[in-house]
Amino acid sequence: MTAPCLIFEQLSSEAATHDRAGFISGEAALDQYLKTQASQDMRRGLANVVVAAKPGSNEICGYYTLSAASVDLTDLPESLRGKLPRYGQVPAVLLGRLAVAQKAQGQGLGALLLADAVKRADRSELGWAALTIKAKHDKAASFYRRFGFHSFPHEPLLLWGSRRELKALPGLRRDRA
Ligand SMILES: CC(C)(COP(=O)(O)OP(=O)(O)OC[C@H]1O[C@@H](n2cnc3c(N)ncnc32)[C@H](O)[C@@H]1OP(=O)(O)O)[C@@H](O)C(=O)NCCC(=O)NCCS
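Residues numbered from 1 in each chain as written. Predicted model: local features only at pLDDT ≥ 70, side-chain atom pairs only at ≥ 80, totals over all residues. Heavy atoms only, no water.

Asker: Even after reading the chapter, I still don't get the packing of aromatic side chains, so can you show me in this structure?
Answerer: Tallying each qualifying case throughout the model produces 6 aromatic pairs. On the numbers, 6.3 Å between centres and 15° between planes, the contact of Y33 with Y63 is stacked. With Y33 in helix α1 (residues 28–43) and Y63 in strand β3 (residues 60–72), this pair connects stretches of sequence that are 30 residues apart. Assessed through its relative accessible area of 5%, Y33 is described here as buried. What makes Y63 buried here is its relative accessible area of 0%. On the numbers, 5.2 Å between centres and 70° between planes, the contact of F143 with Y144 is edge-to-face. Here F143 falls in the partly exposed class, since its relative accessible area comes to 28%. (Phe/Tyr/Trp six-rings, centres within 6.5 Å; stacked < 30°, edge-to-face > 60°. Helix = DSSP H or I, 4+ residues; strand = E, 2+ residues; numbered from the N terminus. Buried < 20%, exposed > 50% of the residue type's maximum accessible area, 1.4 Å probe, protein only.)

Structural measurements only, silent on function.
See the structure below:
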């Protein structure tokens, strides 16, 4: 039996630690990003790239990126807007990309990566009120809606979840799978 992907850690640019070239999710742009752009984005401070890896191996089973972002207060629904001060922009975290290797899909890893992203964002010292996600297509958006994320009315592939909602979601508990 092969080891499960239980290590969640920052991407290393060393192939001996993380084999970026061997990652295949079935979504070419997401595979290409990991191969060619991710390490550079980390160095430049544009994104934090976290991978799910197998203990004792350089295989990457999945990854996600987190960056600082902001959301226009007017884009949020009244239910959330009403509880926030009228700053104009609301501090947010952007889950820019998330992908699971084809051979690891359908085994709960996508949910674990999402849970890890929420947990890391929550533990950071930054203030933020919403986590936003840019989904590549409607199939990906439906994955995030499954966990309670909402589409922005003007842009259905852009989703958000409030910090309070996300922390309370039983579907995002790390011990789920
Ligand atoms: C979308 C993706 C991240 C899902 O990861 P995964 O590991 O296969 O998903 P999981 O096994 O963790 O599924 C968790 C739950 O979501 C459901 N789910 C999975 N994909 C779904 C989808 N596209 N729509 C709705 N629900 C979905 C599962 O059925 C499961 O439900 P359950 O808890 O009731 O059993 C993965 O298929 C992937 O990387 N696809 C290619 C890249 C991509 O499209 N990324 C998103 C781009 S923004």
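After that view of the structure, there is still more to cover.
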